[in-house]
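Here's the letter readout for the chains.
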Amino acid sequence: MAEPPANSAPPPAETPAAAPPATGGEGGTISKKAAKKAEAKAKKEAEKARRAAEQAAAAAASASAAQAEDLAKDNYGQETHETKLSADAIEINLKTLGDEHVGKKVELRAWLQNARMQGSKMAFVELREEGNWAIQGVVAASPEGTPVSRQMVKWVGAINPESFVVVEATVQKPLEPVKACRVSNYELHITKCFVHAAAPSVLGMTLAAANRPVANFSDEEVPVEQGVEKLSLSSAGDATGIPAASMLTHLDNIVMHKRSAVQQAIADIRSEMKELYRSYLRSHGFKEFEPPCLIGAASEGGANVFRLPYFEKEAYLAQSPQFYKQIEIAGGRKRVFSVGPVFRAENSNTPRHMTEFTGLDMEMEIKKDYREVLDVLEGVLLHMFRNIKERCADEIALVRSVYPSEEFLLPEPGQEVRLTFAEGQKLLREEGPEEFRNVSDDEDMSTPQEKALGALIRKKYNTDFYVLDKFPESARPFYAKEDPTNRKVTNAYDLFMRGQEICSGGQRINDPVELEARIRTKGIDPTSPGIKEYVDIFRQAGVPAHGGGGIGLDRVVAFYLNLPSIHLAAFFPRTPKRLLP
């Protein structure tokens, strides 16, 4: 075949075959560009999944390695029967912690009231014992081979507040005093920490709220259907920003209520008051006895008494140990006292009333004059007031930091204030508020009148404690002895704190004929159940002249501290609307 001429055009290039068209769903087609984009996206997703799997595997390996490296794993956790503290650790309580403990290994069982992390290697905790005794604890991760790890620090920093813990630590002095804790000059460097009893993650009431004053108490009566708790509902706070809880919230969260430093201080003051009462009377020749709470007849003629079924009969809760004190005197004792519960079925829903309270009662022989009894009652209360200032100075200061009040003023020795009831009424008429200037000498005072008189006496005599004597006959029960020189009044008296009555007493009738006559003048049948048995006591044998009085412990504590409610002075207040816990 002849070659083509040199100057001839080359033959046309061979045209490649066309690629088949890409097809999409439903017989559609997509472009070449879109196909490449989809392919790139699939590769990217695959790479992302691969990297995620590698990261998860690395994290799992790291966690496993970290767990394997936690050399402190036996030094923290939930306390079990296998939990061990060092044999040479000294058991301590914070109240007695001192310089002799610095540098030593100690063991402390306490509530963890606060915990906070400082980075990943350190946590601070506050550990609290009974009352307001708290100390700062430090948990710091140490170099490898030492007892505290990062895992331990993290675990301790996450313990729920109010859990009960057991710690082992070394006592050290902080760089500067820890102002947030009562034990401010020492701190614990914790090496072991075990939770003995865990608290829930959310508390019904925090400790901070429990240590705030209870909100909005009022001394006014409220409708029965609302109940006394409704008096105190409030969300008001103070400069701390912590809301004030109501009394209802406090009692519904009784554990946290009782853990608060202020309530424990009030309880300690109450217990010391009771001990001072006992010790004074014992030192003056009194013998303690135990009156019954269950009785077979209403002790005060049936008013305001709780009734309850008692097998085939009806029983009552004692309104007073009055009759039983007198039986003790009739039975040969010269001086007796009792401490115990008293019950009043009064449907009064105010912060001044409870249906059950603690009575401090006494009874004694009268040798020459009924004022011998008044001397003892006045003496025991002044003994309580003067000594409680020294015995419970810290507790009183703590209570007043929450519930501010003026100092309780006492008369100077030998200058005690005793007025007759008529003299008190005269003072009200002459110097009291206008609405009380029409008071009568023959009628008992109302609560507002008592408070107005108390304010006048404080101003005039510079005392919050005083006596009103010679109460009118109409204002006293059937067993009160009338003044033989003036039958309109009795040898009976009340003792007051801050214008409120805390003790009532007087001379009793010890002659059965006179007693029966007076019972009839009060409109009571002397042969009725309970009353007949009472009168018969004085017919069985000769009973000497005697008298006594009853003191309300809850009121004494509440009025001394000037608390907004008597309920705060009771361990478990009982009101018409509150029977639990």
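Check the entry above for the structure.
Quick caveat: nothing in here was measured; it's all calculated off a predicted structure.

Each value, and the rule that gives it
- Residues numbered from 1 in each chain as written.
- Predicted model: local features only at pLDDT ≥ 70, side-chain atom pairs only at ≥ 80, totals over all residues.
- Heavy atoms only, no water.
- Pairing = 2+ DSSP bridges.
- Helix = DSSP H or I, 4+ residues; strand = E, 2+ residues; numbered from the N terminus.
- Buried < 20%, exposed > 50% of the residue type's maximum accessible area, 1.4 Å probe, protein only.
- Arc of directions from axis to C-beta.
- Contact = heavy atoms within 4.5 Å.
- Salt bridge = Lys/Arg side-chain N within 4 Å of Asp/Glu carboxyl O.
- Core = buried A, V, L, I, M, F, W, Y, C linked by side-chain atoms within 4.5 Å.
- 1 Å grid on protein atoms, 1.4 Å probe; cavity = no way out; pocket = protein on both sides within 12 Å on 5 of 7 lines; lining within 4 Å.
- Points joined across faces, edges and corners; volume = space filled by probe spheres on them.
- Nonpolar A, V, L, I, M, F, W, Y, C, P; charged D, E, K, R; others polar.
- Phe/Tyr/Trp six-rings, centres within 6.5 Å; stacked < 30°, edge-to-face > 60°.
- Patch = residues over 30% accessible without salt bridge, like charges linked within 9 Å, V, L, I, M, F, W, Y side chains within 5 Å.
- Areas by Shrake-Rupley, 256 points an atom, 1.4 Å probe, with all protein chains shown as cover.
- Axes fitted to C-alpha atoms, helices over the stretch in contact; angles between N-to-C directions.
- Parallel < 35°, antiparallel > 145°, perpendicular 65-115°, else oblique.
- Left-handed = near helix turned anticlockwise from the far one by under 90°.

A. Representation of the sheet that holds strand 20 (residues 546-552). Spatial ordering of the open sheet is given by 8-12-13-20-19-18-15-14, a layout of eight strands whose pairing is mixed. Each edge of the open sheet carries a strand with a single partner, namely strand 8 (287-288) and strand 14 (418-420). Bridge analysis of strand 18 (residues 492-497) against strand 19 (residues 500-507) gives six bridges, and the strand direction is antiparallel. Among the inter-strand pairings, Met497 is bridged to a residue of strand 19, identified as Gln500.

B. Representation of the pairing of strand 13 (residues 356-365). Of all the 10 residues making up strand 13, eight are buried; the element is thus mostly covered by neighbouring parts of the structure. Bridge analysis of strand 12 (residues 335-343) against strand 13 gives nine bridges, and the strand direction is antiparallel. Across the sheet, Val342 pairs through a bridge with Phe357, a residue of strand 13. Relative to strand 20, strand 13 runs antiparallel, the two being bridged by seven bridges.

C. Spatial organisation of helix 9 (residues 393-402). Within the sequence span of helix 9, burial applies to Ile396, Val399, Arg400 and Val402. For helix 9, the buried positions fall inside an angular range of 155° around the axis, keeping them on one side. Away from the buried face of helix 9 by more than 90 degrees, exposed residues Asp394 and Ser401 are located. On its buried face, helix 9 is in contact with helix 6 (261-283), helix 8 (371-391) and helix 14 (553-561).

D. Highlighting the pattern of salt bridges. Considering all chains together, one arrives at 41 salt bridges under this definition. Across the pair Asp361 and Lys325 runs a salt bridge whose closest N-O atoms are separated by 3.2 Å. With a gap of 36 residues between them, Asp361 in strand 13 and Lys325 in helix 7 (residues 322-330) connect regions that are remote in the sequence. Looking at Asp361, the relative accessible area reads 6%, which means it is buried. Here the salt bridges share partners, and the residues they tie into one network are Glu473, Glu482, Arg487, Arg518 and Lys522.

E. A look at the environment of Lys367. Here Lys367 shows up in the loop between strand 13 and helix 8. Between the C-alpha atom of Lys367 and that of Ala545, which follows or precedes it by 178 residues, the distance is 7.3 Å.

F. A look at the nonpolar core. Membership of the largest hydrophobic core comes to 59 residues, with the highest contact counts inside it found for Met273, Tyr277, Met362, Leu381, Phe385 and Leu495. Of all the elements, helix 8 adds the most residues to this core, at 10 residues. The contacts of Phe385, once residues within four sequence positions are left out, are Met273, Phe408, Leu410, Phe465, Met497, Val556 and Tyr560. Counting 31 residues, the second-largest nonpolar core is a separate cluster that includes Val106, Ile135, Val167 and Ile190.

G. Just the layout of surface pockets, in detail. Taken as a whole, the largest pocket encloses approximately 1300 Å³ of empty space. Lining the largest pocket are 44 residues, with Arg344, Glu346, Phe357, Glu501 and Ser504 sitting closest to its centre. Contributions of two or more residues to the lining of the largest pocket are made by helix 7, strand 13, helix 11 (447-461), strand 18, strand 19 and strand 20. Among the elements that make up the lining of the largest pocket, the one with the highest residue count is strand 19 (six residues). When the residues that make up the lining of the largest pocket are grouped by side-chain class, the tally is 16 nonpolar, 15 polar and 13 charged.

H. Summary view of the sheet that holds strand 9 (residues 294-295). Taken in spatial order, the three strands make up an open sheet running 9-11-10, and their pairing is antiparallel. Edge positions in the open sheet fall to strand 9 and strand 10 (307-310), since each of these has one partner strand only. Here strand 9 runs beside strand 11 (residues 313-317); their pairing, made up of two bridges, is antiparallel. Considered in strand 11, the bridge of Ile295 is made with Tyr316.

I. Region of the structure containing the packing of aromatic side chains. This structure, assessed with the given rule, holds 17 aromatic pairs. With a centroid separation of 6.4 Å and an interplanar angle of 10°, the aromatic rings of Tyr370 and Tyr493 are classed as stacked. Residue Tyr370 is located in the loop between strand 13 and helix 8, and its partner Tyr493 is located in strand 18; the two are separated by 123 residues in the primary sequence. A relative accessible area of 5% means that Tyr370 is categorised as buried. Residue class for Tyr493 comes out buried when judged on its relative accessible area of 0%. Ring geometry for Phe478 against Tyr479: centres 5.4 Å apart, planes inclined by 80°, an arrangement best described as edge-to-face. Residue classification places Phe478 among the buried positions, given a relative accessible area of 4%. Owing to a relative accessible area of 8%, Tyr479 belongs among the buried residues under this scheme.

J. Expanded view of a nonpolar patch on the surface. Residues Leu294, Tyr310 and Phe311 make up a contiguous nonpolar surface patch of about 350 Å² in total accessible area. One can find Leu294 in strand 9. The exposure class assigned to Leu294 is partly exposed, which follows from its relative accessible area of 43%.

K. Structural context of the packing of helix 6 against helix 14. Relative orientation of the contacting elements helix 6 and helix 14 amounts to 125°, with a least axis distance of 10 Å. Considered as vectors, helix 6 and helix 14 are oriented oblique to each other. Pair helix 6 / helix 14 crosses with right-handed handedness. Contacts between helix 6 and helix 14 pair Ile266, Ile269, Arg270, Met273 and Lys274 from the former with Leu553, Asp554, Val556, Val557, Tyr560 and Leu561 from the latter. Classifying every residue of the contact of helix 6 with helix 14 gives eight nonpolar, no polar and three charged.

L. Geometry of the pairing of strand 11. Strand direction decides the pairing type here: strand 10 and strand 11, joined by four bridges, are antiparallel. Following the sheet pairing, Arg307 is matched in strand 11 by Tyr316. Between the antiparallel neighbours strand 10 and strand 11 lie two residues, among them Phe311 with a positive phi of about 55°.

By themselves, these figures tell us nothing about what the structure is for.
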